[in-house]
Amino acid sequence: MGTEPARVERDREGTALSFAWDFGDGTSGIGAVVPHVFLAASSAPQSFNVKLTATDADGASASTTLLVSANNSPPLVTITSIYDGQLYPMDAKTIFPLEAQISDAEHAADQLSCGWKVLLHHNTHEHPEPTDPVCSSQAVITPLGCGEDTFWYEIRLTVTDAAGLATVETVSMYPDCKGVLACSADLTGDGQVASDDLAILLGAWGSFAGPADLDGDGLVGAGDLGTLLGAWGDCP
């Protein structure tokens, strides 16, 4: 039985490519696939910037980099003030708080950096707003949608630790085209606030955001229970 020939990587013109690695720790390698072991100087987080350069037969080259962080894990991030799939009202601009639960196993809070970004999606393109470099912010949502064009908002939070590892958390918000927010305590959507809605709220008790967070404070609790009981009965 013959051996399988080595795979040759080629560019879009069909010419063979050569690969050179710089592992960021004083060592290098040649080839498309190169095993490498990173050795940290201590048990503390240590980062290595790995660079790969691909060169074709004519000498044209391109490079890409990748961060390898030893003894480290990325931040844990949960957006708590809004939830994925949340509706925004269509009668006026609305200010939504941007809050999140953030933690990191290797870094203190003052060693983490945050960046909130609001992107308005319009049909097949998007309109990004400038990144807000804070961990607690707010978003002004304009009532766009419900017409021929498709609009929705993406809220993106990026949290980066001191060693360079980052976590990105996103939620999407959509226009309230069916007037659901006029009776937000109707969690089942059957036109009335009753015991089945109460059961959903109690089942979500203590969780972050979600449809049962009726008062929008980021936590399902007593305030939401009061809102639901106050709306008891048929929806307007």
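The structure under discussion appears in the preceding block.
Definitions and cut-offs
Residues numbered from 1 in each chain as written. Predicted model: local features only at pLDDT ≥ 70, side-chain atom pairs only at ≥ 80, totals over all residues. Heavy atoms only, no water. Buried < 20%, exposed > 50% of the residue type's maximum accessible area, 1.4 Å probe, protein only. Helix = DSSP H or I, 4+ residues; strand = E, 2+ residues; numbered from the N terminus. Pairing = 2+ DSSP bridges. Axes fitted to C-alpha atoms, helices over the stretch in contact; angles between N-to-C directions. Disulfide = S-S within 2.5 Å. Lys, Arg positive; Asp, Glu negative; His and termini not counted. Salt bridge = Lys/Arg side-chain N within 4 Å of Asp/Glu carboxyl O. Polar contact = N/O pair within 3.5 Å; in protein donor to acceptor, adjacent residues only side chain to side chain. Phe/Tyr/Trp six-rings, centres within 6.5 Å; stacked < 30°, edge-to-face > 60°. Core = buried A, V, L, I, M, F, W, Y, C linked by side-chain atoms within 4.5 Å. Contact = heavy atoms within 4.5 Å.

Engineer: It is not clear to me how the pairing of strand S7 (residues 94-98) should be interpreted in this structure. Could you clarify?
Structural biologist: Every other side chain in a regular strand lies on the same face of the sheet, so the side chains alternate between the two faces. A one-sided burial pattern is seen for S7, the buried positions being Thr-94, Phe-96 and Leu-98 and the unburied ones Ile-95 and Pro-97. When S7 meets strand S11 (residues 137-141), the two strands line up antiparallel, connected through 5 bridges. Its bridge partner lying in S11, Thr-94 is registered against Ile-141.

Engineer: Even after reading the chapter, I still don't get the pairing of strand S5 (residues 76-79), so can you show me in this structure?
Structural biologist: Only one face of S5 is buried: it carries Val-77 and Ile-79, and the other face, with Leu-76 and Thr-78, is open. Both S5 and strand S8 (residues 100-103) contribute to a ladder of 4 bridges, which runs antiparallel. Bridge pairing links Leu-76 to Ser-103 in S8.

Engineer: Before we go on, may I ask you to explain the sheet that holds strand S12 (residues 151-160) in this structure?
Structural biologist: Whether parallel or antiparallel, the strands of a sheet pair through hydrogen bonds between backbone atoms. Here we have 5 strands laid out as an open sheet, ordered S6-S13-S12-S9-S10, and mixed in their pairing. Two strands bound the open sheet, and with one partner strand each, they are strand S6 (86-88) and strand S10 (125-128). In this sheet, adjacent strand axes meet at a mean angle of 30° when their direction is disregarded. Strand direction decides the pairing type here: strand S9 (residues 113-122) and S12, joined by 10 bridges, are antiparallel. Among the inter-strand pairings, Gly-115 is bridged to a residue of S12, identified as Thr-158.

Engineer: Just to check I follow, could you spell out the state of the cysteines for this structure?
Structural biologist: Between two cysteines, a covalent bond joining their sulfur atoms is known as a disulfide. Inspection of the entire model under this criterion finds 3 disulfides. Here Cys-146 pairs with Cys-177 through a disulfide, and the sulfurs are 2.0 Å apart. The chirality of the disulfide connecting Cys-146 with Cys-177 is left-handed, given an S-S dihedral of about -100°. With a gap of 31 residues between them, Cys-146 in the loop between S11 and S12 and Cys-177 in the loop between strand S13 (166-175) and strand S14 (192-193) connect regions that are remote in the sequence. Judged by its relative accessible area of 46%, Cys-177 falls in the partly exposed class.

Engineer: Just checking my understanding: could you explain the side chain of Asp-213 for this structure?
Structural biologist: Tracing the chain through its elements places Asp-213 in the loop between helix H1 (195-203) and helix H2 (222-230). Here Asp-213 is buried and forms no salt bridge, its nearest opposite-charge partner Arg-156 lying at an N-O distance of 21 Å. Here Gly-218 takes part through its backbone nitrogen, which lies 2.9 Å from a polar atom of the side chain of Asp-213.

Engineer: When you look at the packing of aromatic side chains in this model, what are you seeing that I'm missing?
Structural biologist: The description of an aromatic ring pair rests on the distance of the ring centres and on the angle between the ring planes. Taken as a whole and judged by the stated rule, the model has 5 aromatic pairs. With 6.2 Å between their ring centres and 80° between their planes, Phe-23 and Phe-38 make a pair best called edge-to-face. Of the two residues, Phe-23 is situated in the loop between strand S1 (17-22) and strand S2 (28-30) and Phe-38 in the loop between S2 and strand S3 (46-56); the sequence distance between them amounts to 15 residues. An aromatic cluster of three or more residues is present, and its members are Trp-21, Phe-23, Phe-38 and Phe-48.

Engineer: Looking at this structure, I do not really get the nonpolar core. What am I missing?
Structural biologist: Counting 20 residues, the largest nonpolar core has Ile-82, Tyr-88, Tyr-153, Ile-155, Leu-157 and Met-173 as its most contacted members. Taken together, the elements giving at least two residues each to this core come down to S5, S7, S9, S11, S12 and S13. Residue contributions to this core peak at 5 residues, all from S12. Beyond its immediate stretch of four places on either side in the chain, Ile-82 contacts Phe-96, Pro-97, Leu-98, Ile-155, Val-171, Met-173 and Ala-209. One finds Leu-201, Ala-212, Leu-214 and Leu-228 within the second-largest nonpolar core, a separate group that totals 10 residues.

Engineer: How should unusual backbone geometry be read in this particular structure?
Structural biologist: With the exception of glycine, the majority of residues adopt a negative phi angle, and the majority of peptide bonds are in the trans configuration. Phi at Asn-71 takes a positive value of approximately 55°, unusual for a residue other than glycine. Tracing the chain through its elements places Asn-71 in the loop between strand S4 (61-70) and S5. Judged by its relative accessible area of 39%, Asn-71 is partly exposed. Although it is not a glycine, Ala-209 sits at a positive phi angle of roughly 50°. Within the secondary structure layout, Ala-209 lies in the loop between H1 and H2.

What is shown is where atoms sit, not what they do.
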